[in-house]
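For reference, the chains in residue letters:
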Amino acid sequence: MPFSHPFIKGEISPRAYQETIFVKSKDKNTLVILPTGLGKTYIGILLAAYTLNSLEKKVLVLAPTKPLAEQHLKSFSDALNIEKESFSLLTGTVPPSKRDELYKKSLVIIATPQVIENDLLGGKINLGDFGLIIFDEAHRATGDYAYTFIAEKAISKNIRIMGLTASP
């Protein structure tokens, strides 16, 4: 059934399984395992809109590669009803000196995990500003990959986590 949300552009019609996963993920950390093409990112967008509106907290979207991060920037900025200036893409090409300002002004930050890990270690980012962290390609969260470090920090600050993967 179509419905509207103040942080989503236009009226939306999530599939029943997307809506079910979204509703369950509002209250607990969630690992979404769906085959490619079934709308994992869309579920993340729904939870991001909820976080921005209901929790009044920022959203961090992590992707393991710059091209995937760029794809998420397009998906989230096309769907979320917030100004383009409220989105930031942080990859290794953005100098640390510019990231301070981007953390302050942005509502949705899409980044590679290495940048966020380095900025956590350097005290540049305050995870307390965030209500949600989305880990795309969550199956990479093993060993000393940056996802593991970031997830541990998020859990210690009680930040909602959503992992997305097609291959558990």
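Every chain begins its residue count from 1, and numbering advances along the sequence as written. For a predicted model such as this one, the threshold for reporting local features is a pLDDT of at least 70, and the threshold for listing and counting side-chain atom pairs is 80 or more; totals across whole chains, interfaces and linings nevertheless cover every residue. With hydrogens and water stripped out, all remaining heavy atoms of the structure feed into the side-chain values.

K.L.:
Tell me about the pattern of salt bridges, residues and numbers included.
P.N.:
Within this document, salt bridges are pairs made up of a side-chain nitrogen of Lys or Arg and a carboxyl oxygen of Asp or Glu, the two lying within 4 Å of each other. Under the counting rule described, the total for this entry stands at 3 salt bridges. The residue Asp78 makes a salt bridge to Lys74 at a minimum N-O spacing of 2.6 Å. Of the two residues, Asp78 and Lys74 both sit in helix H3 (residues 66–79), 4 residues apart, roughly one turn of that helix. Accessibility here uses a 1.4 Å probe with only protein chains present; expressed as a share of the type maximum, an area under 20% marks a residue as buried, one over 50% as exposed, and anything in between as partly exposed. Note on Lys74: relative accessible area 53%, which makes it exposed. In this structure, the salt-bridge partner of Arg99 is Asp119, at a minimum N-O distance of 2.7 Å. Of this pair, Arg99 sits in helix H4 (residues 96–105) while Asp119 sits in helix H5 (residues 113–121); the two residues are 20 residues apart in sequence, bridging distant segments of the chain. Grouping residues by exposure puts Arg99 and Asp119 together as buried. Strands are runs of DSSP state E lasting at least 2 residues, helices are runs of H or I lasting at least 4, and numbering of each runs from the N terminus.

K.L.:
Quick rundown of the pairing of strand E4 (residues 58–62)? Include the residues and the values.
P.N.:
Where burial is concerned, most of E4 is hidden: 5 out of the 5 residues are buried. Burial along E4 is two-sided: Lys58, Leu60 and Leu62 facing one way and Val59 and Val61 facing the other are all buried. Whether two strands pair depends on DSSP finding at least two bridges between them. Note: E4 against strand E6 (residues 108–111), 4 bridges, orientation parallel. Along E6, the bridge assignment pairs Leu60 with Ile109.

K.L.:
Describe in detail the side chain of Thr112, supporting the description with residues and values.
P.N.:
Topologically, Thr112 is positioned in the loop between E6 and H5. A contact between two residues is defined here by any heavy atoms of the two lying within 4.5 Å. When neighbours within four sequence positions are excluded, Thr112 is seen to be in contact with Leu62, Ala63, Pro64, Thr65, Lys66, Leu90, Thr91 and Gly92.

K.L.:
Explain the packing of aromatic side chains to me, using residue names and the numbers behind them.
P.N.:
Stacked, tilted and edge-to-face are the three classes assigned to paired rings of Phe, Tyr and Trp, where Trp is represented by its six-membered ring and a pair needs centres within 6.5 Å; plane angles under 30 degrees give stacked, over 60 edge-to-face, the rest tilted. Overall, the coordinates contain 2 aromatic pairs when judged by the stated rule. Arranged with centres 6.3 Å apart and planes meeting at 75°, the rings of Phe22 and Tyr50 form a pair that is edge-to-face. Here the residue Phe22 occupies a position in helix H1 (residues 16–25), and Tyr50 occupies one in helix H2 (residues 40–55), the gap between them amounting to 28 residues. The exposure class of Tyr50 is buried, given its relative accessible area of 19%. On the numbers, 5.0 Å between centres and 85° between planes, the contact of Phe135 with Tyr147 is edge-to-face. Placement of the pair is Phe135 in strand E7 (residues 130–136) and Tyr147 in helix H6 (residues 146–156), with a sequence separation of 12 residues.

K.L.:
Describe the packing of H1 against H2, naming the residues involved and giving the relevant values.
P.N.:
One way to put it is that H1 packs onto H2 with a least axis distance of 9 Å and a crossing angle of 40°. Considering their axes alone, H1 and H2 lie oblique with respect to each other. Relative to H2, the crossing made by H1 is right-handed. Together, Gln18, Ile21, Phe22 and Ser25 of H1 and Tyr42, Ile43, Leu46, Leu47 and Tyr50 of H2 make up the contact between the two elements. Across the contact of H1 with H2, the residue classes break down as 7 nonpolar, 2 polar and no charged. Whenever a helix is involved, its axis is fitted only over the stretch in contact; in every case the axis is a line through C-alpha atoms, and angles between N-to-C directions fall within 0 to 180 degrees. With respect to orientation, any angle under 35 degrees is reported as roughly parallel, any angle over 145 as roughly antiparallel, any angle of 65 to 115 as roughly perpendicular, and every other angle as oblique. Here a crossing is taken to be left-handed if its near helix is turned anticlockwise relative to the far helix by less than a right angle, and right-handed if that turn runs clockwise. Residues are grouped as follows: nonpolar covers Ala, Val, Leu, Ile, Met, Phe, Trp, Tyr, Cys and Pro; charged covers Asp, Glu, Lys and Arg; every other residue, Gly included, is treated as polar.

K.L.:
How would you sum up the environment of Gly128? Please name residues and give values.
P.N.:
With respect to the helices and strands, the residue Gly128 is situated in the loop between H5 and E7. It is 30 Å that separates the C-alpha atoms of Gly128 and Tyr17, two residues lying 111 residues apart in sequence. What Gly128 contacts, discounting residues up to four positions off in sequence, is Lys57 and Lys157.

K.L.:
Please set out H2 residue by residue, giving values where relevant.
P.N.:
In this model, H2 (16 residues) spans 21 Å end to end at C-alpha, consistent with the 22 Å of a helix rising 1.5 Å per residue. Along H2, the residues classified as buried are Lys40, Ile43, Gly44, Ile45, Leu46, Leu47, Ala48, Ala49, Tyr50, Thr51 and Leu52. Taken from the residues just after H2, Glu56 is the one with a positive phi, measuring 50°. Multiplying one less than the number of residues by 1.5 Å gives the expected span of a helix.

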